Amino acid sequence: VLWKIVLMTSRLEGGCYQLPDGRIHMLEVDDWISRTAYCGHYERDIFQCLREILTANDPVLDVGANKGVFAAMSSSFIGPGGFILCVEPSRLCWGSLETVTALLPTRVSIATCALAAEAGNQPLYSPLESSTSFHAALNQDSPTFLTQQS
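Residues numbered from 1 in each chain as written. Predicted model: local features only at pLDDT ≥ 70, side-chain atom pairs only at ≥ 80, totals over all residues. Heavy atoms only, no water.

**Some thoughts on the sheet that holds strand β4 (residues 83-87)**
Reasoning step 1: Taken in spatial order, the three strands make up an open sheet running β3-β4-β5, and their pairing is parallel. Looking at the sheet topology across the chains shown, the edges are occupied by β3 (59-63) and β5 (107-111). If you compare each strand with its neighbour and ignore which way they point, the axes differ by 15° on average.
Reasoning step 2: The sheet contact formed by β3 and β4 spans five bridges and is parallel. Residue pairing in the sheet places V60 in a bridge with I84 of β4.
Reasoning step 3: On the sheet, helix α4 (residues 69-78) packs against β3 and β4 and is oriented at approximately 170° with respect to β4.
Reasoning step 4: Helix α5 (residues 91-102) rests against β4 and β5 of the sheet, and its axis sits at about 170° to β5. (Pairing = 2+ DSSP bridges. Helix = DSSP H or I, 4+ residues; strand = E, 2+ residues; numbered from the N terminus. Axes fitted to C-alpha atoms, helices over the stretch in contact; angles between N-to-C directions. Contact = heavy atoms within 4.5 Å.)

Written out as structure tokens, the structure reads:
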């Protein structure tokens, strides 16, 4: 019953919902992470840690951003003066990540790539998609993004 009430009352754009605590969430009933994040059970200890260490206007680096659960939670702590850089190599997550982060009050940039310590190509394997290759142009002075190859 709770799912039906949420689905009817708090719908935003693109399949997203605003939770009672104000967070933006993409609710996918068939997705375990989505369901447990909505109910407050997903990564509860990590969310508590974020609540304790993040303050208004902080920058956040979300590596392996998936569909934006941590970005949305972090946004609720850092507010519109903060900044989030989401790094996500899997094309399966990009659409949901873009939808969720577009609704956040915080400035967000999404890097649709992977990160590595060395230059080179590595396949990204997913059980739901064929492998994707990435190439690194490593800068000796600072980490750089891997750019996606087709």
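**Considerations on the side chain of D58**
Reasoning step 1: Position of D58 relative to the elements: it lies in the loop between α3 (44-53) and β3.
Reasoning step 2: Buried within the structure, D58 lacks any salt-bridge partner; its nearest side chain of opposite charge belongs to R107, at an N-O separation of 11 Å.
Reasoning step 3: Within the structure, D58 has its side chain in polar contact with the backbone nitrogen of T55 (distance 2.8 Å). (Buried < 20%, exposed > 50% of the residue type's maximum accessible area, 1.4 Å probe, protein only. Lys, Arg positive; Asp, Glu negative; His and termini not counted. Salt bridge = Lys/Arg side-chain N within 4 Å of Asp/Glu carboxyl O. Polar contact = N/O pair within 3.5 Å; in protein donor to acceptor, adjacent residues only side chain to side chain.)

**Focus on the pairing of β3**
Reasoning step 1: Only one face of β3 is covered, namely the one carrying V60 and D62; the face carrying P59, L61 and V63 has none of its residues buried.
Reasoning step 2: Each parallel crossover has a hand, and for β3 linked through α4 to β4 it is right-handed. (Right-handed = clockwise from strand over helix to strand, strands pointing away.)

**Considering the environment of A72**
Reasoning step 1: Turning to its location among the elements, A72 is positioned in helix α4.
Reasoning step 2: When its relative accessible area of 4% is taken as the criterion, A72 is described as buried.
Reasoning step 3: C-alpha separation for the pair A72 and I24, spaced 48 residues apart in sequence, amounts to 6.0 Å.
Reasoning step 4: Those residues in contact with A72, other than ones at most four positions away along the chain, are R23, I24, V100 and L104.

**Here we look at the nonpolar core**
Reasoning step 1: F47, L50, L54, I84, C86 and V100 are the most contacted members of the largest nonpolar core, which has 21 residues in total.
Reasoning step 2: At the level of elements, β2 (24-26), α3, α4, β4 and α5 are the ones that each hand at least two residues to this core.
Reasoning step 3: Per-element accounting of this core gives the leading share, six residues, to α4.
Reasoning step 4: Not counting the four nearest positions on each side in its chain, V100 is found in contact with C16, I24, M26, K67, G68 and A72. (Core = buried A, V, L, I, M, F, W, Y, C linked by side-chain atoms within 4.5 Å.)

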